[in-house]
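Survey of secondary and tertiary structure
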Amino acid sequence: MKQNTFDAGFIAKIFGLVLFLYLFLGFMVLPCLNTLTSIFTTKNAQGSIDPFAVIKFFWAGTMPSFVWNSLKLAVCLVITVNVVGISIVLLTEYFDIKGAGILRMGYMTTLIYSGVALVTGYQFLYDTNGMLTTWLAQMFPYMNRQWFSGFNAVLFTMTFACTSNHALFLRNAIRGIDYNTVEAARNLGASPFRVLFSVVMPTLLPTLFSLTVMTFITGLCAMSAPTLLGYNSINPEIVRVQCGR
């Protein structure tokens, strides 16, 4: 009986190990290797394999300006998204304010829809013929009805769209804080803001670092907002080049 139990447990461990290796190699390692192989075996205009063809592509013609636009958007998003996201989480989870539940529900809507649907919703409000733009144009006839376009529009839209990560991860980190330490700091005479910056924020640094990396990658790889709002970043330009072939 013990031998059969040992055999069943051993077989289960072997099966679990094989399944883990299959998932790890098949969905993480091999796709990355395939991408790297495709990059360094790309053919140039003459038809020969050039390991630096992709790098040369990003430095050819006007491509550096598109790369710079994407980097600028990513850096600015790191600042704006962290400011808005941290403020939202603190107001709805840390501070005791009235209407926190309604505010939380409003910012949780970014978890329901994103991408093209989210940007289209902003266009319905702020675009040339959007509801708010039309209403403002009636009050100010000489206003620029195309004000919601370009870098500022993309930054505004993605700032509030990318706070969904803060609503998920930073909110859980706030809830995991040991409030006994917070109360001890308050009993020692520390002000609320001193407690916030000296006790609470240091415990959130690992989560904030991860969110910063995620936000930077999101801004660098932005597609729907720059395309719909007329901002020349690198991803829409790559799609235009591919479609023009």
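Everything discussed here concerns the structure shown above.
Because the structure is a prediction, the values reported are computed rather than measured.

Right, let's get into the environment of Met139. Within the secondary structure, Met139 is located in helix α6 (residues 131-139). Each C-alpha atom, one on Met139 and one on Ile79, is 33 Å from the other, the two residues being 60 residues apart in sequence.

Our focus in this paragraph is the side chain of Thr163. Within the secondary structure layout, Thr163 lies in the loop between α7 (150-161) and α8 (164-175). A polar atom in the side chain of Thr163 sits 2.9 Å from the backbone oxygen of Phe160. With residues near it in sequence (within four places) discarded, Thr163 still touches Val81, Val84, Gly85, Ile88, Tyr107 and Thr110.

Next up on the list: the packing of helix α3 (residues 63-94) against helix α10 (residues 192-220). Orientation of α3 relative to α10, taken along the N-to-C sense of each, is 140°, at an axis distance of 9 Å. For the element pair α3 / α10, the angle class is oblique. The handedness of the crossing between α3 and α10 is right-handed. Contacts from Ser70, Leu71, Leu73, Ala74, Val75, Leu77, Val78, Val81, Asn82, Ile86, Leu90 and Tyr94 in α3 reach Val195, Leu196, Val200, Leu208, Thr212, Thr215, Phe216, Gly219 and Leu220 in α10. Of the residues assigned to the contact of α3 with α10, the class counts are 16 nonpolar, five polar and no charged.

Now for the packing of aromatic side chains. Enumeration according to the criterion identifies eleven aromatic pairs in this entry. The interplanar angle of 10° and the centroid separation of 6.0 Å between the aromatic rings of Phe20 and Phe24 together place this pair among those described as stacked. Taken together, the positions of Phe20 and Phe24, both in helix α1 (residues 2-40) and four residues apart, correspond to about one turn of that helix. Arranged with centres 5.5 Å apart and planes meeting at 65°, the rings of Trp147 and Phe148 form a pair that is edge-to-face. Taking the relative accessible area as the measure of exposure, Trp147 reaches 39% and is therefore partly exposed. In this structure Phe148 comes out as buried when scored by relative accessible area, which is 5%. Joined through ring pairs, the aromatic side chains of Tyr122, Tyr126, Trp147, Phe148, Phe156 and Phe160 make up one cluster. Positioned over the ring face of Phe151 is Lys72, at 4.6 Å from the centre of the ring.

Parameters and conventions
- Residues numbered from 1 in each chain as written.
- Predicted model: local features only at pLDDT ≥ 70, side-chain atom pairs only at ≥ 80, totals over all residues.
- Heavy atoms only, no water.
- Helix = DSSP H or I, 4+ residues; strand = E, 2+ residues; numbered from the N terminus.
- Polar contact = N/O pair within 3.5 Å; in protein donor to acceptor, adjacent residues only side chain to side chain.
- Contact = heavy atoms within 4.5 Å.
- Axes fitted to C-alpha atoms, helices over the stretch in contact; angles between N-to-C directions.
- Parallel < 35°, antiparallel > 145°, perpendicular 65-115°, else oblique.
- Left-handed = near helix turned anticlockwise from the far one by under 90°.
- Nonpolar A, V, L, I, M, F, W, Y, C, P; charged D, E, K, R; others polar.
- Phe/Tyr/Trp six-rings, centres within 6.5 Å; stacked < 30°, edge-to-face > 60°.
- Buried < 20%, exposed > 50% of the residue type's maximum accessible area, 1.4 Å probe, protein only.
- Lys NZ or Arg CZ within 6 Å of the ring centre and 35° of its normal.

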